[in-house]
Amino acid sequence: IRVLRLIRSLPARLKQKPVSTLEGAMRELERRKPVAAMIEAGMLIGAADVWVANDWHALPVAFALRERFGGIVVYDSHEYALEEYAQNLGWRLVERPIAATIEGIFIGKVAMVTSVSQGIADALVRIYNLPQPAIRITNAPPYKPRMLRPTQRQVKVIYHGVVSPGRGLEVMIRAAKYLKSN
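So, here's what we can say about the structure. All residue numbers refer to positions counted from 1 along the written sequence of the respective chain. Local features in this predicted model are restricted to residues of pLDDT 70 or higher, and side-chain atom pairs are both shown and tallied only at a pLDDT of 80 or more, whereas totals for entire chains, interfaces and linings draw on every residue. Heavy atoms from the whole structure form the basis of all side-chain values; hydrogens and water molecules are not counted.

1. Re the sheet that holds strand β2 (residues 72-77)
In plain terms, the rule: Two strands pair if DSSP finds at least two bridges between them. Numbered from the N terminus, helices here are DSSP runs of H or I no shorter than four residues, and strands are runs of E no shorter than two. Contacts between residues were defined by any pair of non-hydrogen atoms, one from each residue, lying within 4.5 Å. Where helices are involved, their axes are fitted lines through C-alpha atoms of the stretch in contact, as for all axes, and angles between N-to-C directions lie from 0 to 180°.
Taken together, the four strands give an open sheet; going across it, the order is β1-β2-β3-β4, and neighbouring strands pair in parallel fashion. The open sheet is flanked by β1 (50-54) and β4 (135-136), the only strands paired with a single partner. Where β2 lies against strand β3 (residues 112-115), four bridges are found, and the strand directions are parallel. Bridging from a neighbouring strand, valine 74 pairs with methionine 112 of β3. Across the sheet, helix α4 (residues 59-69) lies against β1 and β2, angled at about 165° from β1, the strand it touches most.

2. Some points on the packing of helix α2 (residues 22-32) against helix α5 (residues 89-106)
To keep things clear, this is the line we draw: Each angle gets one of four labels, with under 35 degrees taken as roughly parallel, over 145 as roughly antiparallel, 65 to 115 as roughly perpendicular, and the rest as oblique. Crossing handedness follows the turn of the near helix against the far one: under a right angle anticlockwise gives a left-handed crossing, and clockwise gives a right-handed one. Here the term charged refers only to Asp, Glu, Lys and Arg, the term nonpolar to Ala, Val, Leu, Ile, Met, Phe, Trp, Tyr, Cys and Pro, and the term polar to all other amino acids, Gly among them.
Where α2 contacts α5, the two axes come as close as 9 Å, and the packing angle between them is 125°. As the angle between them shows, α2 and α5 are arranged oblique. Here the hand of the crossing between α2 and α5 comes out left-handed. On α5, the residues touching Leu22, Ala25, Met26, Glu28, Leu29 and Arg32 of α2 are Val94, Glu95, Ile98, Thr101, Ile102, Ile105 and Phe106. Taken together, the residues of the contact of α2 with α5 sort by class into nine nonpolar, one polar and three charged.

3. What about the pattern of salt bridges?
To keep it simple, the criterion reads: For this document, the term salt bridge refers to a Lys or Arg side-chain nitrogen within 4 Å of an Asp or Glu carboxyl oxygen. We call a residue buried when its accessible area falls under 20% of the maximum for its residue type, exposed when it is over 50%, and partly exposed in between, using a 1.4 Å probe and counting protein chains only.
Going through the model one piece at a time under the given rule, you end up with one salt bridge. For glutamate 83, the salt bridge goes to arginine 96, with nearest N and O atoms at 3.6 Å. Of this pair, glutamate 83 sits in the loop between β2 and α5 while arginine 96 sits in helix α5, placing them 13 residues apart in sequence. Relative accessible area serves as the criterion here: at 38%, glutamate 83 is assigned to the partly exposed category.

4. With respect to the pairing of β2
This is how it is decided: By convention, a crossover is right-handed whenever its connection, traced from the first strand over the helix to the second and viewed with the strands pointing away, goes clockwise.
Burial within β2 is extensive, with five of its six residues counted as buried. Relative to β2, β1 is paired through five bridges, and the arrangement is parallel. Of the residues in β2, the one forming a bridge with valine 50 is isoleucine 72. For the handedness criterion, the β-α-β arrangement of β2, α5 and β3 is classed as right-handed.

5. Concerning the packing of aromatic side chains
Heads up, the condition is: The pairing test for Phe, Tyr and Trp rings, Trp by its six-membered ring, is centres within 6.5 Å, and the orientation test on the planes gives stacked under 30 degrees, edge-to-face over 60, and tilted for anything in between.
As enumerated under the stated definition, the model contains three aromatic pairs in all. The interplanar angle of 70° and the centroid separation of 6.1 Å between the aromatic rings of tyrosine 85 and tryptophan 91 together place this pair among those described as edge-to-face.

Function cannot be read off these values alone, since they describe shape.
Below you can see the structure in the form of structure tokens.
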């Protein structure tokens, strides 16, 4: 049923473009995210030395604030925007072009690009022909082998992230059967 709805809505959705221009991409982005409201909120902050765009949809916000107040823009691409929901046909046809246009227009103008993985960092440098490497900043310490030891209390495992195919959650669920309960 969802596929039928997508097929029926596709002609109307595709007419809403073009997203190959900044104006078209911004129009489509504003329909999905409160970009203008985010810029207004940033105006209340005032001047800053560094504006961090936390993912592709924040790039226009950071650049609008930089234009108004100065400073530099850092792009934190903690997801790989071009493949974020690649398993979803509707996203690939409708949303991906918006992300690609906005990221493509702004990424070459930032002072620095950071990402959570070396794979994403390398892909961004390659796709956008960036003049300097993207910097990997992980949210976990490097792996070090440790001896297993019993714990004094119950251990809880929490998954914090997007629940979506390709995120590794299936492996974590299968691994749970090896955890012993007290």
